[in-house]
Amino acid sequence: MSVAKKDYKRITTKSLIEMKSNGEKISMLTAYDFSMATIVDQAGIDVILVGDSASNVMAGHETTLPITLDQMIYHAASVVRGTNRALVVVDLPFGSYQSDPKEALRSSIRIMKESGGHAVKLEGGREIKDSIKKILHAGIPVMGHLGLTPQSIYKFGTYTVRAKEDDEAEKLLEDAKMLERVGCFALVLEKIPAQLAQRVAKSVSIPVIGIGAGGGVDGQVLVIHDMLGMNNEFNPRFLRRYANLYETMTSAIAQYVDDVKTSDFPNEKEQY
């Protein structure tokens, strides 16, 4: 059933909570640079996530762990300059918040001051509660992230679905409630059973955004390179490709190469 959408000139953390209350689904995509952020924003996205997935899709690393705080700030600042409507959420990278709440606050302040982002996102539950509280006490909005937490990939040893067992599922539910209690404005659930995700979404008043967590949550997020088909080697069950830019772009570039080699480009109309 479709829900009438409110026309927001600028999305805020309050807007997302209103959307959940009104039954309006929240759309969220990643972006890492000015040009892509401009396109995503003008298309009407609600939230842009400057994800540490930049480590994978922009830098070619196997995991999200190598990306630095300075690099995240660079990407976030580029995105903010291309955004007029969407809420911009920035991932705190691995190593910038886990060890010490004071370090978590310093990292968050740098992101907010140097990039102009609107909120930060952290992976984890009760184990990072003190860091989250420290950041929130400084007036910085925090989005939580539970389920599959890619920064902990070497702990898990796999990217398979999380919280399939009762004990882990109950811990995740309690962590979600804790994140709401301490003041997080929203929560991402990654790669968990759909029934559990729906249960979490109904148990908290803050918006729950899913990736590989079914349709019973309050919104969805995907990596832009995946949903546009720029990355043709990544094919999880939860991914829907809305374009095949890999094929389109390689075909266009191959045609350009051929046109240059055959002196077809530039023609007389394309020179001064």
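Right above here is the structure, for reference.
Treat the numbers as computed from the prediction; the structure is a model and nothing was measured.

Draft legend 1. Local environment of the layout of surface pockets. Volume-wise, the largest pocket comes out at about 770 Å³. Those elements that place two or more of their residues in the lining of the largest pocket are helix H3 (54–57), strand E6 (186–190) and strand E8 (219–222). For the lining of the largest pocket, the residue count by class is 13 nonpolar, nine polar and nine charged.

Draft legend 2. Fine view of the environment of Ile 140. By secondary structure assignment, the location of Ile 140 is in the loop between helix H6 (129–137) and strand E5 (142–147). The spatial distance from the C-alpha of Ile 140 to the C-alpha of Asp 70 is 19 Å, given a sequence separation of 70 residues.

Draft legend 3. Molecular detail of the pattern of salt bridges. In this structure the tally under the stated criterion is 13 salt bridges. Across the pair Asp 70 and Arg 110 runs a salt bridge, and its minimum N-O distance is 2.7 Å. Of this pair, Asp 70 sits in helix H4 (residues 69–81) while Arg 110 sits in helix H5 (residues 101–115); the two residues are 40 residues apart in sequence, bridging distant segments of the chain. Judged by its relative accessible area of 48%, Asp 70 is partly exposed. The shortest N-O distance in the salt bridge between Glu 168 and Arg 162 comes to 3.1 Å. Take Glu 168: its relative accessible area is 28%, and that puts it in the partly exposed class.

Draft legend 4. Quick peek at the nonpolar core. Ranked by size, the top nonpolar core spans 78 residues in total, and within it Leu 122, Leu 187, Leu 189 and Val 200 carry the most contacts. Residues within four places of Leu 122 in sequence aside, it is in contact with Leu 92, Tyr 97, Ile 128, Ile 132, Ile 135, Val 142, Met 143, Gly 144 and His 145.

Draft legend 5. Here's a closer look at the packing of aromatic side chains. Enumeration according to the criterion identifies two aromatic pairs in this entry. Geometrically, the ring pair formed by Phe 234 and Phe 238 is edge-to-face, given 6.4 Å between the ring centres and 70° between the ring planes. Accessibility expressed as a relative area gives 27% for Phe 238, which makes it partly exposed.

Draft legend 6. A look at the pairing of E5. In terms of burial, E5 is largely enclosed, as six of its six residues are buried. Alternating residues of E5 divide into Val 142, Gly 144 and Leu 146 and Met 143, His 145 and Gly 147, and every residue in both groups is buried. Here two bridges tie strand E4 (residues 119–121) to E5, and the two strands are oriented parallel to one another. Paired with Lys 121 across the two strands is Met 143, which belongs to E5. Chirality of the crossover, the property in question, places the unit of E4, H6 and E5 among those that are right-handed. For E5 and E6, the ladder comprises five bridges, and the chain directions are parallel. Looking at E6, one finds that Gly 147 is bridged to Glu 190.

Draft legend 7. A nonpolar patch on the surface, seen in detail. A cluster of nonpolar side chains, namely Met 249, Ile 253, Tyr 256, Val 257, Val 260 and Phe 265, defines an oily patch on the protein surface of about 530 Å² accessible area. Tyr 256 sits in the partly exposed class, given a relative accessible area of 47%.

Draft legend 8. View of the environment of Ile 224. Inspection of the secondary structure assignment puts Ile 224 in helix H10 (residues 224–227). It is 9.8 Å that separates the C-alpha atoms of Ile 224 and Arg 241, two residues lying 17 residues apart in sequence. Residue contacts for Ile 224: discarding those within four places in its chain leaves Leu 29, Thr 30, Tyr 32, Met 36 and Val 40.

Draft legend 9. View of H6. All of the buried residues along H6 are Ser 131, Ile 132, Ile 135 and Leu 136. Buried residues of H6, seen end-on, are gathered within an arc of 130° and therefore sit on one face of the element. For H6, exposure combined with an orientation more than 90 degrees from the buried face picks out Asp 130 and His 137. At its buried positions, H6 is contacted by H5, E4, E5 and helix H8 (166–182).

Draft legend 10. Region of interest: the side chain of Arg 162. Relative to the assigned elements, Arg 162 resides in the loop between helix H7 (153–156) and H8. When its relative accessible area of 14% is taken as the criterion, Arg 162 is described as buried. Of the polar contacts made by the side chain of Arg 162, one reaches the side chain of Glu 168; its length is 3.1 Å.

Draft legend 11. Molecular detail of unusual backbone geometry. Along the chain, Phe 265 connects to Pro 266 via a cis peptide bond; the corresponding omega equals 0°. Residue position: Pro 266 is located in the segment after helix H11 (245–261). Phi at Lys 191 is positive, roughly 50°, even though this residue is not glycine. Looking at the secondary structure, you find Lys 191 in the loop between E6 and helix H9 (194–203). Of note, the phi angle at Ser 263 is positive, near 60°, even though the residue is not glycine. Along the polypeptide, Ser 263 turns up in the segment after H11. A residue is classified by how much of its surface remains accessible, and Ser 263, at 59% relative accessible area, is exposed.

Rules and cut-offs
- Residues numbered from 1 in each chain as written.
- Predicted model: local features only at pLDDT ≥ 70, side-chain atom pairs only at ≥ 80, totals over all residues.
- Heavy atoms only, no water.
- 1 Å grid on protein atoms, 1.4 Å probe; cavity = no way out; pocket = protein on both sides within 12 Å on 5 of 7 lines; lining within 4 Å.
- Points joined across faces, edges and corners; volume = space filled by probe spheres on them.
- Helix = DSSP H or I, 4+ residues; strand = E, 2+ residues; numbered from the N terminus.
- Nonpolar A, V, L, I, M, F, W, Y, C, P; charged D, E, K, R; others polar.
- Salt bridge = Lys/Arg side-chain N within 4 Å of Asp/Glu carboxyl O.
- Buried < 20%, exposed > 50% of the residue type's maximum accessible area, 1.4 Å probe, protein only.
- Core = buried A, V, L, I, M, F, W, Y, C linked by side-chain atoms within 4.5 Å.
- Contact = heavy atoms within 4.5 Å.
- Phe/Tyr/Trp six-rings, centres within 6.5 Å; stacked < 30°, edge-to-face > 60°.
- Pairing = 2+ DSSP bridges.
- Right-handed = clockwise from strand over helix to strand, strands pointing away.
- Patch = residues over 30% accessible without salt bridge, like charges linked within 9 Å, V, L, I, M, F, W, Y side chains within 5 Å.
- Areas by Shrake-Rupley, 256 points an atom, 1.4 Å probe, with all protein chains shown as cover.
- Arc of directions from axis to C-beta.
- Polar contact = N/O pair within 3.5 Å; in protein donor to acceptor, adjacent residues only side chain to side chain.

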